[in-house]
Amino acid sequence: EVMTLLFAGHDTTTSTIAFMFYELAHHPDVVAGLREEQARVLGAERPDAAMLMGGQLELLEMVLDETLRMYPPAWVGARKSVSAYEFAGQTVPGGAYVNYSSWVSHHLPEVFPEPEKFCPERFAADRKAALPKGAYVPFGAGSRICIGMRFGQLEIKAIASELVRRFDFSLAPGYQLSVRQMPTIGPRHGLPLIVHRRP
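Before going into details, it helps to say that this report is about the structure given with it. From a predicted model like this one, the values you see are computed outputs, not experimental measurements. (Residues numbered from 1 in each chain as written. Predicted model: local features only at pLDDT ≥ 70, side-chain atom pairs only at ≥ 80, totals over all residues. Heavy atoms only, no water.)

Some details on the pattern of salt bridges
So, step 1. Per the stated rule, a full pass over the model turns up 10 salt bridges.
So, step 2. Residue Asp-168 pairs with Arg-35 through a salt bridge whose shortest N-O separation is 3.0 Å. Residue Asp-168 is found in strand β5 (residues 167-171), and its partner Arg-35 is found in helix α2 (residues 28-42); the two are separated by 133 residues along the sequence.
So, step 3. Given the relative accessible area of 19%, Arg-35 is considered buried.
So, step 4. The residue Arg-46 makes a salt bridge to Glu-162 at a minimum N-O spacing of 3.5 Å. Of this pair, Arg-46 sits in the loop between α2 and α3 (49-53) while Glu-162 sits in helix α7 (residues 149-166), and the two are 116 residues apart along the sequence.
So, step 5. When salt bridges that share partners are traced, they join Arg-46, Glu-162, Arg-165 and Arg-166 into one network. (Salt bridge = Lys/Arg side-chain N within 4 Å of Asp/Glu carboxyl O. Helix = DSSP H or I, 4+ residues; strand = E, 2+ residues; numbered from the N terminus. Buried < 20%, exposed > 50% of the residue type's maximum accessible area, 1.4 Å probe, protein only.)

Now the structure itself:
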């Protein structure tokens, strides 16, 4: 139980933050938008948990959703079929172990056009509401949804908000992202960033 708690609550969060800042390093316009949003919504205050989870920081929410779409940390999930069914011309018997992959479903171009493109706007409220049921499942869904989802979202938003507010950052020269796929995904060799404190 403790190992599961530490593993599920640590590696998923750190890898999501790493992938988020990899994308933000390539999109200074989005970073500028996050800073403008902070200045407009927060002024000189720092956000509390209610504000971070209350939807006032809309762009931050969209950046998180898009990061989780592109790099869902729990990229594969195990299930068991309740009864026999047909899938892609094959019969799957009842009681069979079946894996689903949010990595695959989050990159379907018929659901997410230009799936390799980082585009937070695809998670604007109206567009997110229009997604087919089950198309976006970074935390699973239904009765098996991740019990730590809200806590993880809060952690990531709090860390990202503070880092964007306090620092400028860029990728180390020559860095090429390589994704490791184990029980969770993450940058294979870490994410070297050049960080400068903002004035």
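Thoughts on the nonpolar core
So, step 1. In this structure, Met-20, Phe-21, Leu-24, Leu-34 and Val-63 are the most contacted members of the largest nonpolar core, which totals 35 residues.
So, step 2. Those elements that place two or more of their residues in this core are α1 (2-26), α2, α4 (58-70), α7 and β5.
So, step 3. The element best represented in this core is α4, accounting for seven residues.
So, step 4. Not counting residues within four places of it along the chain, the set of residues in contact with Leu-24 comprises Val-30, Val-31, Leu-34, Val-63, Val-164 and Phe-169. (Core = buried A, V, L, I, M, F, W, Y, C linked by side-chain atoms within 4.5 Å. Contact = heavy atoms within 4.5 Å.)

Quick notes on α7
So, step 1. If you check α7, its first and last C-alpha atoms are 26 Å apart, about what 18 residues at 1.5 Å a residue would give, namely 26 Å.
So, step 2. Within the span of α7, buried status applies to Met-149, Gly-152, Gln-153, Ile-156, Lys-157, Ala-160, Ser-161, Glu-162 and Val-164. (Expected span 1.5 Å × (residues − 1).)

Re the packing of aromatic side chains
So, step 1. Taken as a whole and assessed by the stated rule, the structure comprises five aromatic pairs.
So, step 2. Plain terms: the ring middles of Phe-123 and Tyr-136 are 4.7 Å apart, the flat faces sit at 50° to each other, and that makes the pair tilted. With Phe-123 in the loop between α5 (102-105) and α6 (125-129) and Tyr-136 in the loop between α6 and α7, this residue pair connects regions lying 13 residues apart in the sequence. For the residue pair Phe-123 and Tyr-136, the accessibility class agrees, reading buried in each case.
So, step 3. Taken together through their ring pairs, the aromatic side chains of Phe-112, Phe-123 and Tyr-136 make up a single cluster. (Phe/Tyr/Trp six-rings, centres within 6.5 Å; stacked < 30°, edge-to-face > 60°.)

Topic: α4
So, step 1. Over its 13 residues, α4 extends 18 Å from the first C-alpha to the last, a length consistent with the 18 Å expected when each residue adds 1.5 Å.
So, step 2. Considered for burial, the residues of α4 that qualify are Leu-59, Leu-60, Met-62, Val-63, Leu-64, Asp-65, Glu-66, Thr-67, Leu-68, Arg-69 and Met-70.

Describing unusual backbone geometry
So, step 1. The residue Ala-88 is not glycine, and still its phi comes out positive at about 50°.
So, step 2. If you trace the backbone, Ala-88 turns up in the loop between β2 (85-87) and β3 (90-92).
So, step 3. Relative accessible area serves as the criterion here: at 68%, Ala-88 is assigned to the exposed category.

What about the side chain of Thr-16?
So, step 1. Tracing the chain through its elements places Thr-16 in helix α1.
So, step 2. Owing to a relative accessible area of 1%, Thr-16 belongs among the buried residues under this scheme.
So, step 3. Within the local environment of Thr-16, its side chain forms a polar contact with the backbone oxygen of Thr-12, the two atoms lying 2.8 Å apart. (Polar contact = N/O pair within 3.5 Å; in protein donor to acceptor, adjacent residues only side chain to side chain.)

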